[in-house]
Amino acid sequence: MATLSLRDLNLSGRQVFMRVDFNVPIKNGKITDDTRIKAALPSITYILEEGASLILCSHLGRPKGDNNSEFTLKPVAINLQELTGKTVLFVENLDDPILKKPLPQGTLCLLENIRFDKGEEKNYDILSEKLGKLGDIYVNDAFGTAHRAHSSTEGTTRFFSRKAAGFLMEKELLAFSQILSSPSRPLLAIIGGAKISTKIGVLYNLLDKVDSMIIAGGMPFTFFKAMGKEIGNSLCEDDFIEEARKILDKANEKGIKIYFPVDHVISQKLEPGLEIKTTNNENVPEGYIGLDIGPETLKLYAELINSSKTIIWNGPLGAFETKPFDEGTMAICRIIAKAKGICVAGGGDTVSAINQSNLEKAFYHISTGGGASLELLEGKILPGVAALDRYVQDRSMKLIAANWKMNKSPCEAMEFIDELIKKISETKPSGSDILIFPTYLALKETICKSRGTEISIGAQNAYFKDSGAYTGEISVAMLKEAGCKFILIGHSERRTVFREDDELINEKIKAVLANGLNLVFCLGETLEERKQNKTFDVILKQFKKGLDEITDIDRLVIAYEPVWAIGTGVTATPEQAQEVHEYIRDLLLRQFGKEAADRTRILYGGSVTPENVKELMIQKDIDGALVGGASLETGKYLRLVFYK
Ligand code: 13P
């Protein structure tokens, strides 16, 4: 997991803005279940103990942008006060003057329901920016809302350069990544619930991961209809019969057995007190509805559960809300609790079944997020999680990037980073952002060493395909998995020595952005082109083609590197560099608008040294440097980073 953790940040004296999920059930002004509030306590306590002040932000229910007292978070403030033993400052209005100055260290503040603001669900910039002013560090501990791209979960991350996942978020992500990427096998998925339409993505994705799968609840009947079985009046989504066939085909192809119920508890209506029967096979007779799994199914499922090492469970196995059709689900809950394998469970009804059984402790992980956990099972990246890795371009800080090219062994790279960290911790802040591009071989070591520091590590190149027969190449997804934050694309050495053209560079840029990584996109003219007065034409062509079909440049940094200045000792004069930088900013303005143009960093590269760095950096449109030779010695690189 590349996302920073709370533990990685220095919180002392800072103000933290934390998105939490306090969407708890409230009846007559009283909280009926405060599990979600308790789940956020470890992060809250830690932040306060580390010496920060803390502003908490949450939604409650769906007030749809109206200030509706039914959805106030006041009862939560009271509960939180009792749980923490600390005074909770409840702030009803984001324009309250109390929020205009930093809060005293140790203050715990809770904002009123953020969904009272119409901008929240629409992810409006105005609200995002307002929230961005409420702290110097952003933490997201609201796993249950991380699948929503709202202002407080996504938009506002553009206004925080320091961001981290809270402990609950971290725990949730870790549990899911563990079972989905390196589970102990056999891995069994139990997917229940009413409709297949809401779980198609999950079924497809899990068929690539599991060893066997149980499909139960209301879903089997659409499959049964596809197989020509009798389903009586059971729930069936006729529009998804074809989809059900495709899922069966995929399971067949993969050799994964799907275990449907082999008998059912049936009744004529979903009402308590009516006559209940059990079928002796998977068919449901006319006039009846399949409402729960039967005893033979339970036996079969118990065997499967007991022979699995890892179980993913999402969705009840019958019409759980109406007794006695909850019995199958409750029985499965007890079987899983006793089984040796570990179980990660998620989804509203599943979690409430586990809570009713009082067997929570026997589960390895019970997710606090319904929709969010489903999206993880679908293999999706949650917007609230991706946003934590968002690189924020802060043009008031120069970005001093080191391109080590084909230099430094992993050992040398580690020594360099060690020295850098030591120096940075000894001195006052450098005022520069640090980004290092080591060789592929040194990535692992440098990423490990720089974890929790403000040093970012990037890769010097990547191929745009995710996988396949591309001997010698490494995909963007692989580099992301390894913990890279940036990829360098379009360096002139790749253009000239490795014959990369604008089209290939464009594919690579698309791949980097699609994977949610940041990039430094290089462009620049040769000496010949400059002599022929073609500099601007060349830049225009490289810019247009490289960024063709790109619409969002939040994660883009541009580096102007005149080829004639690279490694030659001949630097562009500050005026020459500024002229081209201004031209590039104008291209940004025309293609992506003023806001993007104002925000995007443009670096200069080509024989930057400690001697010439300052005169370059003071130019209006130069936002940092991409340095080769002078970045190889710690002493020299430090002089660049601390050039001010
Ligand atoms: P030099 O700083 O060695 O000229 O290299 C510049 C460069 O190519 C950085 O990418």
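Scroll up to find the structure.
Cut-offs applied
Residues numbered from 1 in each chain as written. Predicted model: local features only at pLDDT ≥ 70, side-chain atom pairs only at ≥ 80, totals over all residues. Heavy atoms only, no water. Buried < 20%, exposed > 50% of the residue type's maximum accessible area, 1.4 Å probe, protein only. Helix = DSSP H or I, 4+ residues; strand = E, 2+ residues; numbered from the N terminus. Pairing = 2+ DSSP bridges. Right-handed = clockwise from strand over helix to strand, strands pointing away. Polar contact = N/O pair within 3.5 Å; in protein donor to acceptor, adjacent residues only side chain to side chain. Contact = heavy atoms within 4.5 Å. Salt bridge = Lys/Arg side-chain N within 4 Å of Asp/Glu carboxyl O. Axes fitted to C-alpha atoms, helices over the stretch in contact; angles between N-to-C directions. Parallel < 35°, antiparallel > 145°, perpendicular 65-115°, else oblique. Left-handed = near helix turned anticlockwise from the far one by under 90°.

**Let's talk about the pairing of strand S16 (residues 342-346)**
Part 1: Most of S16 sits inside the fold, with four of its five residues counted as buried.
Part 2: Bridge count between strand S15 (residues 310-314) and S16: five bridges; the pairing is parallel. By the bridge assignment, Trp 313 is partnered in S16 with Ala 345.
Part 3: Remark: the S15/helix H10 (residues 327-338)/S16 crossover connection has right-handed handedness.
Part 4: Two strands pair when backbone bridges link them, and S16 and strand S17 (residues 365-366) are joined in this way by two bridges, in the parallel orientation.

**Observations concerning the side chain of Thr 153**
Part 1: By secondary structure assignment, the location of Thr 153 is in the loop between strand S7 (137-140) and strand S8 (163-165).
Part 2: A polar contact is formed between the side chain of Thr 153 and the backbone nitrogen of His 150, at a distance of 3.0 Å.
Part 3: Residues within four places of Thr 153 in sequence aside, it is in contact with Arg 19, Tyr 138, Asn 140, Thr 145, Arg 148, Gly 384 and Ala 387.

**Notes on the pattern of salt bridges**
Part 1: For the structure on display, the rule yields 40 salt bridges.
Part 2: Asp 208 is paired through a salt bridge with Lys 250; the nearest N and O atoms lie 3.1 Å apart. Residue Asp 208 is found in the loop between helix H6 (200-207) and strand S10 (212-215), and its partner Lys 250 is found in helix H8 (residues 241-254); the two are separated by 42 residues along the sequence.
Part 3: What makes Asp 208 partly exposed here is its relative accessible area of 43%.
Part 4: Relative accessible area serves as the criterion here: at 16%, Lys 250 is assigned to the buried category.
Part 5: In this structure, Glu 503 engages Lys 545 in a salt bridge whose closest nitrogen and oxygen atoms are separated by 3.7 Å.

**Considerations on the packing of helix H14 (residues 410-426) against helix H15 (residues 443-450)**
Part 1: Relative orientation of the contacting elements H14 and H15 amounts to 20°, with a least axis distance of 9 Å. Judged on the interaxial angle alone, H15 and H14 are roughly parallel. Pair H14 / H15 crosses with right-handed handedness. Taking contact as the criterion, the partners of Pro 410, Ala 413, Met 414, Ile 417, Asp 418 and Ile 421 in H14 are, on H15, Glu 445, Thr 446, Lys 449 and Ser 450.

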